[in-house]
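Listed here are the chains, written in short residue letters.
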Amino acid sequence: MENKRLLFSTLIGFVIIAMMNSCGKTAEKPLKTSGEDAFHLTDTANAIWENPKITEFKAFIEQLDSSDITTVAKATEKYKAIFTGQPALLCDSAFVVFQTLYDSLEMHLSIKHQSDTTNYEPLLYEDQTAVPKALKDYRKNLTLNGFKLSASDGVTYIEQDRNFIAKNFYTLVSPVMKDYLSEIQLENKQGFAMDGVITISPRLLVDRNVWYEKFIAANPGFVFISTCKDYQKAYLTYLLCGYEKTSLYSNRQTGDLSDFYVNAYNYLMAKYADSQTAKNVLPYYDALKQKQAAAAQTILKNYHIKGMIYSLK
């Protein structure tokens, strides 16, 4: 289930847990912020008040069944009804509430789908003439509610349809939120790995690392900033350590690097030499080129201690 399902399965479970937790915390936890914050209103006594429109939307969400697929369409329409014409930052905060519901529903639908014995593969065939109506209705219901059916190794699964998000939310959220959601949509379309092998190019892996670096630096107060940091950490981990069958080495015994990583590192140094990502990779790459395995491992250990990368052990 790795291909295209980048948000929820290609990062070895690192990001989905962090993202779902951070979504919940961002939506629920009161924060002391400036008067420009859309999520809360602050009076002269510095008391913290939740924006009434957020309260209204959250109350609507809470009465929905998070295991019923139609709740996505209902929540989307309610979002539009409440937040059309409202400040973009307020719309961003409300989207966090929506995303939490969206993630929860995806989890419920995935669990239910995995236990379903129905053969859904015909929905993925080019020739749809012989596909039973019941299956087509199933797919239509998914589409109307922001999900799609995908498959890997003959196993079908349900994932979020980021095109649904683009269609229904991009015109209301802030430019920063739109940039973030557009990146997620693009990554979801491009995929990341299939059967333990990275399917994107070395350059694209580098581009994603640098994109998150720049986005985080430019938007430190973004509502999904912790999620962005999780992705940055995961991508840097794979850039330094390899990913399952996409090995760092072509020959581990001799210390020869694989073409994938040689190309990735050379591209990083050529195009993004001034980036922090390049500065983090350079001493490691130098150690690898000189076949100083112990020095390279020391650098990785230091990065792990600093919380810059995950441990894959």
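What comes next concerns the included structure.

Here is what the cut-offs are and how they apply
- Residues numbered from 1 in each chain as written.
- Predicted model: local features only at pLDDT ≥ 70, side-chain atom pairs only at ≥ 80, totals over all residues.
- Heavy atoms only, no water.
- Helix = DSSP H or I, 4+ residues; strand = E, 2+ residues; numbered from the N terminus.
- Contact = heavy atoms within 4.5 Å.
- Areas by Shrake-Rupley, 256 points an atom, 1.4 Å probe, with all protein chains shown as cover.
- Buried < 20%, exposed > 50% of the residue type's maximum accessible area, 1.4 Å probe, protein only.
- Pairing = 2+ DSSP bridges.
- Polar contact = N/O pair within 3.5 Å; in protein donor to acceptor, adjacent residues only side chain to side chain.
- Axes fitted to C-alpha atoms, helices over the stretch in contact; angles between N-to-C directions.
- Left-handed = near helix turned anticlockwise from the far one by under 90°.
- Nonpolar A, V, L, I, M, F, W, Y, C, P; charged D, E, K, R; others polar.
- Parallel < 35°, antiparallel > 145°, perpendicular 65-115°, else oblique.
- Core = buried A, V, L, I, M, F, W, Y, C linked by side-chain atoms within 4.5 Å.
- Phe/Tyr/Trp six-rings, centres within 6.5 Å; stacked < 30°, edge-to-face > 60°.
- Lys NZ or Arg CZ within 6 Å of the ring centre and 35° of its normal.
- Salt bridge = Lys/Arg side-chain N within 4 Å of Asp/Glu carboxyl O.

Let us look at the overall build of the protein. On a plain count of helices and strands, the protein comes out with 12 helices and eight strands. Residue pairs in contact within the protein that sit at least 24 positions apart in sequence constitute 63% of those at least 6 positions apart. By element, 54% of the accessible surface of the protein is carried by carbon and sulfur atoms, the whole surface being about 15,500 Å².

A separate point is the pairing of strand S4 (residues 155-160). Within S4, five of the six residues are buried, which leaves it mostly tucked inside the rest of the structure. Sheet analysis places strand S3 (residues 147-152) next to S4, joined by six bridges and oriented antiparallel. Each bridged residue has a counterpart across the sheet, and for Ser152 the counterpart in S4 is Val155. A loop of two residues connects S3 with S4, the two strands running antiparallel in sequence, and Asp153 in this loop sits at a positive phi of about 55 degrees.

Attention now moves to the environment of Thr84. Its place among the elements puts Thr84 in the loop between helix H3 (71-83) and helix H4 (88-114). Put simply, Thr84 and Phe169 are 85 residues apart on the chain and 9.9 Å apart in space, counted from C-alpha to C-alpha. Residue contacts for Thr84: discarding those within four places in its chain leaves Tyr79 and Leu172. In terms of polar contacts, Thr84 uses its side chain to reach the backbone carbonyl oxygen of Lys80, at 2.5 Å.

One way to put it is that helix H8 (residues 202-218) packs onto helix H9 (residues 225-241) with a least axis distance of 9 Å and a crossing angle of 150 degrees. In terms of crossing hand, the pair formed by H8 and H9 is left-handed. Residues Leu205, Val206, Arg208, Asn209, Tyr212, Glu213, Phe215 and Ile216 of H8 pack against Ile225, Cys228, Lys229, Tyr231, Gln232, Tyr235, Leu236, Tyr238 and Leu239 of H9. Per-class residue counts for the contact of H8 with H9 are 12 nonpolar, two polar and three charged.

A separate point is the packing of helix H11 (residues 276-289) against helix H12 (residues 293-305). It is the contact of H11 with H12, at a shortest axis distance of 8 Å, that shows an interaxial angle of 155 degrees. If you check the angle between H11 and H12, you find them roughly antiparallel. From H11, Lys279, Asn280, Pro283, Tyr284, Ala287 and Leu288 reach across to H12, where they touch Ala295, Ala296, Ile299, Leu300 and Tyr303. In terms of residue class, the contact of H11 with H12 is made up of nine nonpolar, one polar and one charged.

Note on soluble globular proteins: their nonpolar side chains tend to be buried together. Grouped together as the largest cluster of nonpolar side chains are 84 residues, with contacts concentrated most on Tyr79, Phe95 and Phe98. Take this core: its biggest share by element is 11 residues, from H4. Not counting residues up to four positions away in its chain, the partners in contact with Phe95 are Tyr79, Ile165, Phe169, Val173, Met177, Leu181 and Phe224.

What follows deals with the packing of aromatic side chains. Taken as a whole and judged by the stated rule, the model has 28 aromatic pairs. Stacked on the ring of Tyr310, the Lys or Arg Lys233 has its end atom at 4.5 Å from the ring centre. Above the plane of the ring of Tyr285 lies Lys289, whose end atom (NZ or CZ) is 4.4 Å from the centre.

Moving on: the environment of Tyr285. Note that Tyr285 resides in helix H11. Under the relative-accessibility criterion, Tyr285 is labelled buried at 5%. Separated by 28 residues in the primary sequence, Tyr285 and Leu257 have C-alpha atoms spaced 9.8 Å apart. If sequence neighbours within four positions are ignored, Tyr285 has contacts with Leu257, Val262, Tyr265 and Asn266.

Per the stated rule, a full pass over the model turns up six salt bridges. One salt bridge connects Glu56 with Lys78, and the closest N-O pair in it is separated by 3.8 Å. Highlighted residues: Glu56 in helix H2 (residues 52-62) and Lys78 in helix H3, separated in sequence by 22 residues. The shortest N-O distance in the salt bridge between Lys291 and Asp256 comes to 2.8 Å. With Lys291 in the loop between H11 and H12 and Asp256 in strand S8 (residues 256-257), this residue pair connects regions lying 35 residues apart in the sequence.

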